[in-house]
Amino acid sequence: MRTGVLPLQTGLRPSLCTLLGPRVGRQQRPASAVHRRGQRAGSSIISNIATAPLPPPADLQRPARQQPETDQPDLSQAPPFTLTDLKRAIPQHCWEKNTFKSVSYLVKDVAIVAGLAVAAYSANTWWAWPLYWLAQGTMFWALFVVGHDCGHQSFSSSRKLNDFVGNITHSSILVPYHGWRVSHRTHHQHHGHVENDESWHPVSKKLYESMDPMARIGRLTFPISMLAFPFYLRSRSPGKTGSHYDPSCDLFVPAEAPLVETSNRFMVGMVALLAGFTVALGPLAMFNLYFMPYWINVMWLDAVTYLHHHGPEDEEKIPWYRGEEWSYLRGGLSTIDRDYGIFNKIHHDIGTHVLHHLFPQMPHYNLEEATEAIKPIMKDYYRVPEKSKGPIPFHLWGHLSKSFQQDHFVADQGDIVYYEKDPEFAANLKASQKKASA
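Rules and cut-offs
- Residues numbered from 1 in each chain as written.
- Predicted model: local features only at pLDDT ≥ 70, side-chain atom pairs only at ≥ 80, totals over all residues.
- Heavy atoms only, no water.
- Helix = DSSP H or I, 4+ residues; strand = E, 2+ residues; numbered from the N terminus.
- Buried < 20%, exposed > 50% of the residue type's maximum accessible area, 1.4 Å probe, protein only.
- Contact = heavy atoms within 4.5 Å.
- Areas by Shrake-Rupley, 256 points an atom, 1.4 Å probe, with all protein chains shown as cover.
- Patch = residues over 30% accessible without salt bridge, like charges linked within 9 Å, V, L, I, M, F, W, Y side chains within 5 Å.
- Salt bridge = Lys/Arg side-chain N within 4 Å of Asp/Glu carboxyl O.
- Axes fitted to C-alpha atoms, helices over the stretch in contact; angles between N-to-C directions.
- Parallel < 35°, antiparallel > 145°, perpendicular 65-115°, else oblique.
- Nonpolar A, V, L, I, M, F, W, Y, C, P; charged D, E, K, R; others polar.
- 1 Å grid on protein atoms, 1.4 Å probe; cavity = no way out; pocket = protein on both sides within 12 Å on 5 of 7 lines; lining within 4 Å.
- Points joined across faces, edges and corners; volume = space filled by probe spheres on them.
- Expected span 1.5 Å × (residues − 1).
- Bend = angle between axes of the 7 residues up to and from the residue.
- pLDDT = per-residue confidence, 0-100.
- Core = buried A, V, L, I, M, F, W, Y, C linked by side-chain atoms within 4.5 Å.
- Phe/Tyr/Trp six-rings, centres within 6.5 Å; stacked < 30°, edge-to-face > 60°.
- Lys NZ or Arg CZ within 6 Å of the ring centre and 35° of its normal.
- Lys, Arg positive; Asp, Glu negative; His and termini not counted.
- Polar contact = N/O pair within 3.5 Å; in protein donor to acceptor, adjacent residues only side chain to side chain.

Colleague: For this particular structure, what's the right way to read the overall build of the protein chain?
Modeller: Assigned secondary structure in the protein chain consists of 17 helices and two strands. Within the protein chain, buried positions represent 54% of all 438 residues. A fraction of 74% describes how many contacts in the protein chain between residues 6 or more apart in sequence connect residues 24 or more apart. Accessible surface, the protein chain as shown: approximately 19,900 Å² in total, 62% of it carbon and sulfur.

Dropping the structure here:
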């Protein structure tokens, strides 16, 4: 769906570096270690985002890969507006962080989690447990989103409070807060970049062809890929090395190693707590109370994060960038908003994703108002999400399944590329499954 028709703009655009001013007092870190730092000049709301190099003169630019044929305008090209234009359109109060409001959302989530657990354990009937798994897994995912906001420092203006709440909420669902926070920051710094993005980024054709068959199944097969998150925490994405638990991983600078170790200690404490409850209540009770909701939460997390970067609701292909064509703004515009029906508010408006990617320090309770403010500027560059036809967003199932069927790899070369389909994927998948079961 589109909000209007916009003339194509193919001229050069200022980079984020140009918009926000020169870098000062920081030494550039290697891109391979993804340790670039953001620039705060002129804005307190944009931090921890990477700056893009200035594009070369027009006569030296490499031609972009042709967009797949479509009746829609070419949204892979640089937009006729800047990040500053979008920022100025947003009401000032949308940037304000209200600690009391954030804590109230957290208290509500924790109360619901506790109430569901007590009610299900007290009822202890066969028909109640599956309902509990779904409800509690959904609330675990809501707790993850609270920790996610802490990682972006949008929970409050206090870094100490944000990191404490983040460690508590994330360790409660077995996520290493600081390890994940840094890798997620990298995702935002390089969103839409083929090689430098961190999560759910495309694999090149060369990497795809070299992947182990079981890795292809785990990464590219629906619904198996909806269980990928714990394995991503342990060993990252294809083509990348290290672990979110390892302080020496190239995700982290030396100064961040103690923070990673702190989150690991929170994780050890949570595992010990779960072991104590297992002894006190029994393995079957903990299977029902925690293990099954945990995996429902993982499925929520993988499905939502995948849908924000794949599977548009029309025939448009989402562009991915390399080299001079990539910029922070263009990468952010390639993300997708989604409507999750009744879950929009339960999950703290995580579906309002485009504005979140452009301005990650904005509190979740202001994202909808801010999005409405920038729509007139974005025009066709804002992909209007398809509305759920009922309280449950069943319409997203088709987009998720279709994307996994056709989004397998991108070309090895080209600064603007699109997902391509492996015509032999289904046959190779069946052969791999047959071999694994033999």
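Alright, that's what it looks like, and here's the rest.
Colleague: I keep staring at a nonpolar patch on the surface and nothing clicks. Help me out?
Modeller: On the surface, Y121, L273, F277 and L281 cluster together into a nonpolar patch covering about 360 Å² of accessible area. If you trace the backbone, L273 turns up in helix 10 (residues 257–281). Residue classification places L273 among the partly exposed positions, given a relative accessible area of 46%.

Colleague: Explain the packing of helix 11 (residues 283–307) against helix 16 (residues 395–406) here, please?
Modeller: When two helices pack together, you describe them by how their axes are tilted relative to each other and by the distance separating the axes. Helix 16 packs onto helix 11 with a crossing angle of 75° between their chain directions and a minimal axis gap of 11 Å. With respect to their mutual orientation, helix 11 and helix 16 come out roughly perpendicular. Residues A303, Y306 and L307 of helix 11 pack against L396, H399, L400, S403 and F404 of helix 16. Looking at side-chain class alone, the contact of helix 11 with helix 16 contains six nonpolar, two polar and no charged residues.

Colleague: Even after reading the chapter, I still don't get empty space enclosed by the protein, so can you show me in this structure?
Modeller: Unfilled space is identified by rolling a water-sized probe across the atoms. All told, the structure shown has seven cavities of 30 Å³ or more when counted by the stated rule. Size it by volume and the second largest cavity reaches roughly 80 Å³. Taken together, W200, H201, P202, V203, R219, L220, Y306, H310, F404, D407, H408 and Y419 make up the full set of residues lining the second largest cavity. Here the lining of the second largest cavity is composed, by residue class, of seven nonpolar, three polar and two charged.

Colleague: Before we go on, may I ask you to explain the environment of V110 in this structure?
Modeller: If you trace the backbone, V110 turns up in helix 3 (residues 99–123). Considered as a pair, V110 and M139 are 29 residues apart in the sequence and their alpha carbons are 8.5 Å apart.

Colleague: Help me out: how do you make sense of helix 11 in this one?
Modeller: Given 3.6 residues per turn, any residue in an α-helix points the same way as the ones three and four places further on. With 25 residues, helix 11 should reach 36 Å at 1.5 Å per residue; the first-to-last C-alpha distance of 34 Å fits that figure. Roughly 25° is the biggest bend found in helix 11, and it falls at L289, with proline P293 one to four residues downstream.

Colleague: Would you mind showing me how to read the confidence of the model for the protein chain here?
Modeller: Low pLDDT means the predicted coordinates in that region are not meant to be read closely. On average, residues of the protein chain score 84 in pLDDT, and 82% of them are at 70 or above. No element of the protein chain has a lower mean pLDDT than helix 1 (residues 16–20), at 37, and none a higher one than helix 5 (residues 159–171), at 98. Across residues 1–66, where pLDDT falls below 50, the model places 133 contacts with residues more than four positions away in sequence or in other chains.

Colleague: I'm lost on the nonpolar core in this one. Help?
Modeller: Most often, soluble globular proteins have nonpolar side chains that are buried together. Judged by nonpolar contacts, the single largest core of 42 residues is most densely connected at W141, F144, F229 and L400. Examining the composition of this core, we find that eleven residues originate from one element, helix 11, more than from any other. When near neighbours in sequence (up to four residues on either side) are disregarded, F229 contacts F144, V175, W180, V298, L301 and D302. Within the second largest apolar cluster, 26 residues are counted, among which are L83, L358, M362 and L367.

Colleague: Can you help me understand the pattern of salt bridges in this one?
Modeller: Charged atoms that come close allow side chains of opposite charge to pair. Inspection of the entire model under this criterion finds ten salt bridges. With a shortest N-O distance of 2.9 Å, K345 and D349 are connected by a salt bridge. Each of E198, R236 and D250 takes part in a single network of salt bridges with overlapping partners.

Colleague: What is the right way to read the packing of aromatic side chains from this model?
Modeller: Aromatic ring pairs: the centre-centre distance and the angle between the two ring planes describe each pair. Evaluation of the coordinates by the stated rule reveals 22 aromatic pairs. Measuring from centroid to centroid gives 5.5 Å for W141 and F144, while their planes differ by 15°, and the two rings are stacked. Placement of the pair is W141 and F144 together in helix 4 (residues 128–151), with a separation of three residues, close to one helical turn. F144 shares its class with W141; the two are buried. For the ring pair Y306 and F404, a centre distance of 4.3 Å and an interplane angle of 10° mean the geometry is stacked. Placement of Y306 in helix 11 and of F404 in helix 16 is noted, with a sequence separation of 98 residues between them. Relative accessible area serves as the criterion here: at 3%, Y306 is assigned to the buried category. Ring pairing ties together the aromatic residues W133, F140, F287, Y290, F291, Y294 and W295, which thus form one cluster. For the cation-ring pair, K101 lies above Y365, with the distance from its terminal atom to the ring centre recorded as 4.8 Å.

Colleague: In this structure, what is going on with the side chain of D74? I would like to understand it.
Modeller: As for its position among the elements, D74 is in the loop between helix 1 and helix 2 (83–89). One buried charged side chain, D74, makes no salt bridge at all; its nearest oppositely charged neighbour is R330, positioned 7.4 Å away. At 2.5 Å, the side chain of D74 forms a polar contact with the side chain of S76. Within the local environment of D74, its side chain forms a polar contact with the side chain of Q77, the two groups lying 3.5 Å apart.

Colleague: Looking at this structure, I do not really get helix 10. What am I missing?
Modeller: Here helix 10 spans 36 Å end to end across 25 residues, near enough to the 36 Å set by a 1.5 Å rise per residue. Every buried residue of helix 10 is accounted for by A257, V260, S263, N264, M267, M270 and L274. For helix 10, the elements touching its buried residues are helix 5, helix 6 (177–189) and helix 11. Looking one or two places after helix 10, you find G282, whose phi comes out positive at around 105°.

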